[in-house]
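# Tertiary structure, described
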Amino acid sequence: MSENQMNGAEALIQSLEKVGIEIGFGIPGGSAIPIYDALYKVRRKMKFVLVRHEQGAAHEADGYARATGKPAAVLVTSGPGATNTVTGIMTAYMDSVPMVVITGQSVRGMLGKDAFQEADVFNLTMPIVKHSYLVRNANDIPRVVKEAYHIATTGRPGPVLIDVPKDVGTEACTVGLESEMNLPGYKPEPKGYAPETIRQIAEALAKSQRPVIIAGHGAVLARAEKELRQLAETLQAPVATTLLGKGVFPDSHRLSLQGLGMHGTAYANRAVVECDLMISVGARLDDRILGVPSQFCRDAVKIHIDIDAAEFGKLVKPDIRCRGDAKAVLQDLLPLVKPGDTAEWLKRIDGFKKKWPMGYAKKGGLHPPQVIDALNKLTGGKAIMATDVGQHQMWAWQFYHCDQPWQFISSGGAGTMGFGLPAAIGAQFGRPGELVVAVVGDGGFQMTMSELATAAIHKLPVKVLIMNNHYLGMVRQWQDMFYDERYSGVDLEGNPDFAELAKAYGILGLNLKRAADIPKILKRALDHPGPAVVNVEVVHHEEVYPMVPPGKPLEDTVLEHPRRKRGRPTGRRSRPAPAAAKKA
Amino acid sequence: MTTELPTHNLSIYVANRPGALARIAQTFSRRGFNIDSLVVSPGATGDFSRMTITARGDRNGLEQIMMQCSKLVDVLACREHTDEEVVARELALVKVAVDSAHRGEVLQIADHFRAKTVDLSEKSIVLEATGSSEKLDAMVNLLRKFKIIELVRTGKVIVARGERET
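Criteria and cut-off values
- Residues numbered from 1 in each chain as written.
- Chains lettered and ligands numbered in written order.
- Predicted model: local features only at pLDDT ≥ 70, side-chain atom pairs only at ≥ 80, totals over all residues.
- Helix = DSSP H or I, 4+ residues; strand = E, 2+ residues; numbered from the N terminus.
- Buried ≥ 20, exposed ≤ 12 C-beta atoms within 10 Å, placed from the backbone.
- Contact = placed C-beta atoms within 7 Å.
- Nonpolar A, V, L, I, M, F, W, Y, C, P; charged D, E, K, R; others polar.
- Axes fitted to C-alpha atoms, helices over the stretch in contact; angles between N-to-C directions.
- Parallel < 35°, antiparallel > 145°, perpendicular 65-115°, else oblique.
- Left-handed = near helix turned anticlockwise from the far one by under 90°.
- Domains from an automatic or database assignment.
- Arc of directions from axis to C-beta.

### Digging into the overall build of chain B
Assigned secondary structure in chain B consists of 4 helices and 9 strands. Walking chain B from its N terminus toward its C terminus, one meets helices and strands in the order β-α-β-β-α-β-β-α-β-β-α-β-β. Overall, the C-alpha framework of chain B stretches about 55 × 35 × 30 Å when taken along its three principal axes. Sorting the 166 residues of chain B into buried and exposed places 31% on the buried side. Within chain B, counting contacts between residues at least 6 apart in sequence, those at least 24 apart form 73% of the total.

### A look at the interface of chain B and chain A
Of the residues lining the interface, 17 residues belong to chain B; the matching set on chain A comes to 16 residues. Looking at the side of chain B that touches chain A, the elements that each hand over two or more residues are β1 (7-15), α1 (20-30), α2 (59-71) and β4 (75-81) of chain B. The greatest single-element share of the side of chain B that touches chain A, amounting to 5 residues, is contributed by α2(B). Here the side of chain B that touches chain A is built from residues that sort into 8 nonpolar, 4 polar and 5 charged.

### A closer look at the packing of helix α3 (residues 54-68) of chain A against helix α18 (residues 420-430) of chain A
If you want to describe how two helices pack, look at the angle between their axes and the distance between the axes. Residues and elements named next belong to chain A. Taken N-terminus to C-terminus, the directions of α3 and α18 make an angle of 50 degrees; their axes are 6 Å apart at the nearest point. In terms of orientation, α3 and α18 fall into the oblique class. Two packed elements cross with a definite hand, and for α3 against α18 that hand is right-handed. Here α3 contributes Gly56, His59, Glu60, Ala61, Asp62, Gly63, Tyr64, Arg66, Ala67 and Thr68 to the contact with α18, which in turn contributes Pro422, Ala423, Ala424, Ile425, Gly426, Ala427, Phe429 and Gly430. Looking at the contact of α3 with α18 residue by residue, the classes come out as 9 nonpolar, 6 polar and 3 charged.

### Some thoughts on the environment of Lys41(A)
Residues and elements named next belong to chain A. Considering the arrangement of structural elements, one finds Lys41 in helix α2 (residues 33-42). Looking at Lys41, the number of C-beta atoms within 10 Å reads 12, which means it is exposed. Considering only alpha carbons, one finds Lys41 and Glu10, 31 residues apart in sequence, at a separation of 8.0 Å.

### What about the domain arrangement of chain A?
All names here are of chain A. Split into domains, chain A comes out as domain 1 (6-173), domain 2 (195-355) and domain 3 (368-583). Computed from C-alpha coordinates alone, the two centres of domain 1 and domain 3 are separated by 30 Å. In this assembly, 23 residues from domain 1 lie in contact with 26 residues from domain 3. Breaking the side of domain 1 that touches domain 3 down by element, the ones donating at least two residues are α3 and α5 (86-94). Among the elements that take part in the side of domain 1 that touches domain 3, α3 stands out by supplying 11 residues, more than any other. Its residues placed into classes, the side of domain 1 that touches domain 3 shows 9 nonpolar, 9 polar and 5 charged.

### Some points on α1(B)
For an α-helix, 3.6 residues make a turn, and residues three or four places apart therefore share a direction. Residues and elements named next belong to chain B. Those residues of α1 that sit buried are Ala20, Arg23, Ile24, Thr27 and Phe28. For α1, the arc enclosing every buried residue in end-on projection is 140 degrees, short of the 170-degree limit, so these residues lie on one face. Residues of α1 that are exposed and point over 90 degrees away from its buried face: Ala22, Ser29 and Arg30. Next to the buried residues of α1 lie β1, β2 (34-42), β3 (48-56) and α2. At the exit of α1 stands Gly32, carrying a positive phi of roughly 70 degrees.

This is the structure we're talking about:
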């Protein structure tokens, strides 16, 4: 190869920069050395972050994208390096997060021969990527990277994986970086609807007396917050947001019902039960918000707006389906929307809000909602909030109030424990000047806490609040409610001293044990210029309410611990605590 | 065999890329659909392939699968066709154990179904038959009276009638 000719790996890095990737997270390994050599030699603008575990790299890229809307790259080696990203790729896929994952691979001649660190990553990841490539020729790299970025970021976003054999990385790339995409089957179609559909929606809205809007991640991704607000205010319709839709409609707005579903507010669930029309804007209506799918909005007109046609009728059969980008649809719809006369309906909803307000216990130890509420007040609801998965996640959703989208970062579809800390790190890289808080549980935190090193090394001022109840709390809650208090495999006895652990990384470590200390300790952490970890010793037994018990419709939202034990959720009748319980 | 589930004819037009077949097969297997036959062949232009899939399952599941398939980056079109809308053909090669004493009867069956003899030995005969899958089923059933040593069928291929796209 001549001096000024580039090889495949150099073409890869330069192509990533050319399409607009601004940051990469990863760890090298044997098959990725050419890629890392290219990082060393030809990288100009792209930032690179060396992580401590590949799962962390994927979640960091994910958090970056959820805070900025821009995809990041993940750069890992073959075999275990690649398989360690699988959880992170699946997490991004479930929540429609754009990401470009580059995996090193064994040399072409060794593929399929069980070479050292060889794994068939292309096929392993097939069901959890939007698209993927196994590159067999260095000259394909500029085109493949361009296509990967385009696919990841358009339509319904998602992760795209590029598997690069080591000798493709070292082979000469002679075609230059300019390339044409060749994607004859890819049709993202932001306006995949007929004008007739928009008219139908407008007519249905005009007839409705008790409308409810459900806004999801699609509305966030389409940046449709302005149009959504206009729709709600014109119609005078209440808005419930999904976990991933949080902030796309201001929590503080008079028309906000906040979250709905399994741990949504009782008033949101009741409004959905009693509405005569439900319009979903970029929510996929998944099992966690529906209660019993067949009974969801049984007697209401159901309108489903989604960019992904495969979401229509998956669980709920819509009366009107409208395939398109939420912003494009609302922009076309708004001129046809007449002011709604919903005073009666809103009065009724105000009644629900008075009857079933959100609240929490304050006595007898430290309660997680209390800490989150205090954090909300201290930060004015302005922090970027990343959560892990479990009880604390639901409390953060319920008690941290966001008025902006791109602010609440949480693993929804996948329910991936270990997501919170790395996602917060990724978000902080994306929005360096802003306050980023990770609220995590003691269980999930320990799954990816090696990323504390990344926060320490890059002096990222991420604040980590560990809601330490020494339990896998959400599973314990289910065992308490549905499994006769057989607490199997949920006691996290032997947790380390998290404050000391933080100190070992050179990070400020604090303990919060008394309610009276909440403002003082939180302030200390928030005012600290670098990363901080607060070990919050919360009460061991506390349950998340409201709750729609599994297998029950939204009508059956319970507000407090039932005095009489309920039956077990259907489908789990003869089994002990599910092995996949940590994802519950 | 679960015979109550309806059979569907699907035609998928797909860019000829590595992994396309696996991605499509996955969308079927994940939803528990049985694929009865799957034929992949080059399309009218070289960069594209035509997949013809015969599968059994409920209507809702099928709609989901079609939407999931359409969503795949490599897929240009995924359509379902009723039997009436298409010309459907399948080819079968049947190797039957038969000696000279019974050969006449086998040839009579073959003649009725317009099958050709493509190989003949003292102890066996290979018949080639084309037609609808139902016709081939009927012929094979009659031949079961003799010993069928091997049976190979291509699976159904379809093309839409008239101006319709397959």
